[in-house]
Amino acid sequence: MMMSATHSHSCGTLQAVGQSEPNPIYQRFVARRIADGVRRALNNLAPAKIGHGSASVPQQVFNRRWKMKPGTIPPTPLGVTTDQVKTNPGINNPNLVEPAGTTDPEVSFISVQSADGKPRALLANYSLHYVGGVGPGHISADYFGAFAVKIGQLLGAGPEFVGIMSNGTSGDINNIDFRGGQAKEAPYGRIQIVANDVAQAVATAVKTVKHADSVPLSVAQKEIKLGLRIPSKEEVEKAREVTKGSKLFPRMETMEQVYARETVLLADFPAKVSAPLQIMKIGDLHVSAIPAEVFVEIGLELKKRHTPTFTVSLANAYHGYLPTPEHHALGGYETWRARSSCLEVDASTKILAGLEELFAKLN
């Protein structure tokens, strides 16, 4: 079993990040609804056919980390002055030089049909963060939910159809073209544009997929230990003093205070955490699971080594952002030490090594 999350900025909080604390009642509600979903799936078991494929949607993915003109990147909230990239630098910023990384335009999918060829479910995977642009205070499943509805419509599916979009390796990818050129949309406009583009591409690709009555299934998984970047006693003492500067204490007012609070909280974290790694092999397709917001370069490396494959982020646990060591050296928001970014610099290297062991075991 794999359990994964999607990331949006228009939903209830399930994980304590920044100054957002989860409501225990909501956490219990979500857990129960997930269990209900599994029970409904078991009640609907029936003979089926399965296949997989992919499509390309390059126009909706942009690397959000940018190299900037010298001297234009301000110090981080932690006082670091060596950052070489800026995340979300602003549209048409005159100081833009070039993106600090690439993108992955591929939409991978697994399609399930009934024995007589009717669509029953489709799981897609796209390396894109949330899109955003909902109404003020709205609760929304973002483009993940919009895709799930749209793909069912395009396939002519009935009410029993289950559409799913999973977060691919999108830790450094969003839907904003910082060079400009995107029209300003009404609430949900961008979400619908992205969902429609991706669903259209997948619906077209599904037509070329050969669905099999039976395929081999195997799973390999393991847990590895990863170190955390724990602050020193001196850093914690200094951070405590910074947090006291907030007039709204315990709520923080400035970014410096927010990251100071993160430093104080990280002081109580263990030196190491356990990270579950998993690969499911369905026919000739490998589906990897990584418990973090994985940078796109990591997913592309796995695709280069093992084709066909795709990676589900935020799977089976949550350990914040997962930059490569090269991106750690460049700095930027995703590397700033916080509960949402505290894995050791070489964490991605160790995760790739662990996954390679699982690939070898399955093959």
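These numbers come from a predicted model, not from an experiment.

(A) Layout of the overall build of the protein. What the protein contains, in helices and strands, is 8 helices and 15 strands. Scaling as 2.2 N^0.38, a compact globule of 363 residues should have a C-alpha radius of gyration of about 21 Å, and the protein matches this with 21 Å. Considered along the principal axes of its C-alpha atoms, the protein spans approximately 65 × 45 × 40 Å. Residues counted as buried form 47% of the 363 residues belonging to the protein. In the protein, 77% of the contacts between residues at least 6 apart in sequence involve partners at least 24 apart. Roughly 18,000 Å² of accessible area belongs to the protein as shown, and the carbon and sulfur atoms make up 55% of that amount. If you average the places of the 38 positive and of the 33 negative side-chain charges in the protein, the two averages end up 4 Å apart.

(B) Local environment of helix α1 (residues 24–43). Spanning 20 residues, α1 covers 29 Å between terminal C-alpha atoms, matching the ideal 28 Å at 1.5 Å per step. By the N-cap criterion, in which a side-chain oxygen at the helix start approaches the backbone nitrogen of a residue two or three places on, α1 is capped by Asn23, the distance to Ile25 being 2.8 Å.

(C) Molecular detail of the nonpolar core. Ranked by size, the top nonpolar core spans 30 residues in total, and within it Leu122, Tyr126, Tyr143, Phe147, Val198 and Val202 carry the most contacts. Where this core is concerned, the elements lending two or more residues are β6 (106–114), β7 (119–126), α2 (142–154) and α3 (189–206). Ala220, Ala275, Phe295 and Leu322 belong to the second-largest nonpolar core, a separate cluster that totals 26 residues.

(D) Fine view of the pairing of strand β1 (residues 48–56). The alternating pattern of β1 places Lys49, Gly51, Gly53 and Ala55 on a buried face, while none of Ala48, Ile50, His52, Ser54 and Ser56, on the opposite face, is buried. Direction of pairing for β1 relative to β6: antiparallel, over a ladder of 9 bridges. Bridging from a neighbouring strand, Ala48 pairs with Ser114 of β6.

The rules behind the values
Residues numbered from 1 in each chain as written. Predicted model: local features only at pLDDT ≥ 70, side-chain atom pairs only at ≥ 80, totals over all residues. Heavy atoms only, no water. Helix = DSSP H or I, 4+ residues; strand = E, 2+ residues; numbered from the N terminus. Rg over C-alpha atoms; globule rule 2.2 N^0.38 Å. Buried < 20%, exposed > 50% of the residue type's maximum accessible area, 1.4 Å probe, protein only. Contact = heavy atoms within 4.5 Å. Areas by Shrake-Rupley, 256 points an atom, 1.4 Å probe, with all protein chains shown as cover. Lys, Arg positive; Asp, Glu negative; His and termini not counted. Charge placed at Lys NZ, Arg CZ, Asp CG, Glu CD. Expected span 1.5 Å × (residues − 1). Polar contact = N/O pair within 3.5 Å; in protein donor to acceptor, adjacent residues only side chain to side chain. Core = buried A, V, L, I, M, F, W, Y, C linked by side-chain atoms within 4.5 Å. Pairing = 2+ DSSP bridges.

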